[in-house]
Amino acid sequence: MEQPSESEKPIGLAIIVCEKVITEAVSNNKTIVSTFNNINTKTVPCVQARMSVFVALTSTRGEKQVELVLKKDEQNILKLGGKAIFPDPNHVVELIFNFRNCVFPEQGKYSFEVYADGEYIFERQFNVVMTK
């Protein structure tokens, strides 16, 4: 079986939206706290005081520029990113993106999209929902 090259894009394993991700100092294991699919709000725009997005990627090698893009109706709202090193194709790279006071301008469907070196990998959708 042929090994992935540095030019091949990674495979997305997970995108988890949650309150926070705790990394254990010695083992580097992750604890994902309070996952959610919806942000419930009484008003819009709404501010999510604390939110994290856990992303896991694999099946490539080399250095990749990874970006997480928050979108609403194909419009970019926010973009975060950095370099990720894939030592070998079996290695799983786990990335944590932390947000503070993230503003959602209206209710409806949003998505977090993951890109590596500018190429779309995968996405996770969630909703901002008005409640009474």
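Think of each chain on its own: its residues are numbered from 1, step by step along the sequence as written. Since the coordinates come from a predicted model, pLDDT governs what is reported: local features require at least 70, and pairs of side-chain atoms require 80 or more to be given and counted, while whole-chain, interface and lining totals use all residues. Excluded from the side-chain calculations are hydrogens and water; all other atoms, namely the structure's heavy atoms, are used.

Draft legend 1. Highlighting the environment of F54. The secondary structure listing takes helices from DSSP runs of H or I that are at least 4 residues long and strands from runs of E that are at least 2 residues long, numbered from the N terminus. Mapped onto the secondary structure, F54 falls in strand β4 (residues 46-58). Taking the C-alpha atoms as reference, F54 lies 17 Å from I39; in sequence the two are 15 residues apart. Sequence-distant contacts of F54, defined by excluding residues within four places in its chain, comprise A14, I15, I16, V21, K30, I32, E94, L95 and I96. Should any heavy atoms of two residues lie within 4.5 Å, those residues are considered in contact.

Draft legend 2. The environment of I77, seen in detail. Checked against the element boundaries, I77 lands in strand β6 (residues 75-86). Each residue gets one of three labels from its accessible area relative to the maximum for its type: buried under 20%, exposed over 50%, partly exposed in between, using a 1.4 Å probe on protein chains only. A relative accessible area of 32% places I77 in the partly exposed class. Taking C-alpha positions, I77 is 19 Å from T41, a pair spaced 36 residues apart along the chain. Once you skip the residues sitting within four places of it in the chain, I77 turns out to touch L70, K71, K72, V103, P105 and Y110.

Draft legend 3. Focus on the sheet that holds strand β9 (residues 119-130). Taken in spatial order, the five strands line up as β3-β9-β8-β5-β6 in an open sheet, and their pairing is mixed. On the outer flanks of this sheet lie β3 (38-41) and β6, each paired with one strand and no other. Recorded for the sheet is a direction-independent mean angle of 20 degrees between the axes of neighbouring strands. Two strands are counted as paired when DSSP detects at least two bridges linking them. Bridge analysis of strand β8 (residues 108-116) against β9 gives nine bridges, and the strand direction is antiparallel. Pairing of F112 across the sheet is with R124, part of β9. Lines fitted to C-alpha atoms define the axes, with helix axes restricted to the stretch in contact, and inter-axis angles between N-to-C directions lie between 0 and 180 degrees.

Draft legend 4. The arrangement of the packing of aromatic side chains in detail. Two rings belonging to Phe, Tyr or Trp (six-membered ring only in the last case) form a pair when the distance between their centres is within 6.5 Å. Interplanar angles under 30 degrees mark stacking, angles over 60 mark edge-to-face geometry, and anything in between is tilted. Here the structure, examined in full by the defined rule, presents six aromatic pairs. Centre to centre, the rings of F104 and Y110 are 5.1 Å apart; their planes meet at 90 degrees, and the pair counts as edge-to-face. Of the residues examined, F104 reaches a relative accessible area of 0% and is grouped as buried. Each ring, one from Y115 and one from Y120, has its centre 5.9 Å from the other, and the planes form 75 degrees; the classification is edge-to-face. One aromatic cluster in this structure is built from F99, F104, Y110, F112 and F126. Any Lys NZ or Arg CZ found within 6 Å of a ring centre and within 35 degrees of that ring's normal is scored as a charge over the ring. Just above the ring of Y110 sits the side chain of K72; from NZ or CZ to the centre is 5.4 Å.

Draft legend 5. Examining the sheet that holds strand β1 (residues 11-23) more closely. Spatially, the four strands line up as an open sheet ordered β2-β1-β4-β7, and their pairing is antiparallel. The open sheet is flanked by β2 (30-35) and β7 (93-104), the only strands paired with a single partner. Going across the sheet, the axis of each strand differs from the next one's by a mean of 45 degrees, ignoring polarity. By the bridge criterion, seven bridges tie β1 to β4 in an arrangement that is antiparallel. The residue of β4 that forms the bridge with I11 is T58.

Draft legend 6. Looking closely at the pairing of β8. Most of β8 is tucked away, with seven of its nine residues classed as buried. Pairing geometry for strand β5 (residues 62-72) and β8, over six bridges, is antiparallel. Its bridge partner lying in β8, V66 is registered against A116.

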